[in-house]
Amino acid sequence: MSTQSLQPSPTKEVADQEGGARLFDPSPFDRPDPVLLKYYAIVSLASGPLFPIVFLPLFCKYVTLRYRFDTDGVAMQWGVLFRREIYLTHRRIQDIHLTRNIVQRWMGLASLGVQTASGSSAPEMTIEGLLVVEQLRDYLYLKMRGAKGHGTNNAQGQFDVVSNGNEGHAIESDEILQLLCQIRDGLRQSKESNEVAS
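Not measured: the values here are computed from a predicted model.

K.L.:
What is the right way to read the nonpolar core from this model?
P.N.:
Membership of the largest hydrophobic core comes to 34 residues, with the highest contact counts inside it found for Met125, Ile127, Leu136 and Leu140. The residues contacting Met125, other than those within four sequence positions of it, are Val74, Ala75, Met76, Ile86, Leu88, Leu112, Gly113 and Val114.

K.L.:
Can you help me understand the pattern of salt bridges in this one?
P.N.:
Two side chains carrying opposite charge are able to pair once their charged atoms lie near each other. Applying the stated criterion across every chain yields a total of five salt bridges. Across the pair Asp70 and Arg68 runs a salt bridge whose closest N-O atoms are separated by 3.7 Å. Residue Asp138 pairs with Arg137 through a salt bridge whose shortest N-O separation is 3.4 Å.

K.L.:
Explain the sheet that holds strand β8 (residues 125–128) here, please?
P.N.:
Paired through their backbone hydrogen bonds, the strands of a sheet run either parallel or antiparallel. With respect to topology, three strands assemble into an open sheet ordered β6-β7-β8, the strand pairing being antiparallel. With one partner strand each, in any of the chains shown, β6 (93–99) and β8 form the two edges of the open sheet. Each adjacent strand pair in this sheet contributes to an overall mean axis angle of 20°, direction not counted. Strand direction decides the pairing type here: β6 and strand β7 (residues 111–116), joined by six bridges, are antiparallel. Considered in β7, the bridge of Ile93 is made with Thr116. Strands β6, β7 and β8 of the sheet are contacted by helix α4 (residues 133–144), whose axis makes an angle of about 170° with β6.

K.L.:
How should I be thinking about helix α2 (residues 51–64) in this particular structure?
P.N.:
Helical geometry note: an α-helix holds 3.6 residues per turn, so side chains three or four residues apart project in the same direction. Helix length check: α2, at 14 residues, gives a terminal C-alpha distance of 20 Å against a target of 20 Å (1.5 Å per residue), a fit within 8%. Considered for burial, the residues of α2 that qualify are Phe55, Tyr62, Val63 and Thr64. Looking at the packing, one finds that the buried side of α2 touches α1 (35–45), β3 (66–69) and β4 (73–78).

The rules behind each value
Residues numbered from 1 in each chain as written. Predicted model: local features only at pLDDT ≥ 70, side-chain atom pairs only at ≥ 80, totals over all residues. Heavy atoms only, no water. Core = buried A, V, L, I, M, F, W, Y, C linked by side-chain atoms within 4.5 Å. Buried < 20%, exposed > 50% of the residue type's maximum accessible area, 1.4 Å probe, protein only. Contact = heavy atoms within 4.5 Å. Salt bridge = Lys/Arg side-chain N within 4 Å of Asp/Glu carboxyl O. Pairing = 2+ DSSP bridges. Helix = DSSP H or I, 4+ residues; strand = E, 2+ residues; numbered from the N terminus. Axes fitted to C-alpha atoms, helices over the stretch in contact; angles between N-to-C directions. Expected span 1.5 Å × (residues − 1).

Here it is in structure tokens:
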């Protein structure tokens, strides 16, 4: 079985249909990068004579590990004998933690821990083996907050992440924003009329 990555280059971006802005698209990243297998080998070598026992489960995880990023959430599945699949909707995501040990930094890897309100201190899902972890983290933050907007070119020449969000959630956010603006304007008018009366 070939371990060649089906993953495109780490700077995968797509053009916005409305005109020119470049958006991060996580959907092509369905397999971990081959660098993850090298990382697993280094971690297993650190166990000394237990190398085969430690490496075999990690190798099976690498070969079967798949990700799916869609408009509603994130799915992760792996396993040979016992298949495990985790699906988290963007609404369930509470926090995202990016961690790197010294070997991961050297290899350009990181682990992205996705936590929910399950009551456990451990992350519900740990995404590893992707080289675009910072962009993916930003994308998930925007999705979980229901952000809506367009990407802009930042100082490093990279494009910011954009999410179209959930349509119903965006409409609800717009209505709340309009209500808050009306309250603010009403308070300003009230304050100005009180100052004039004094």
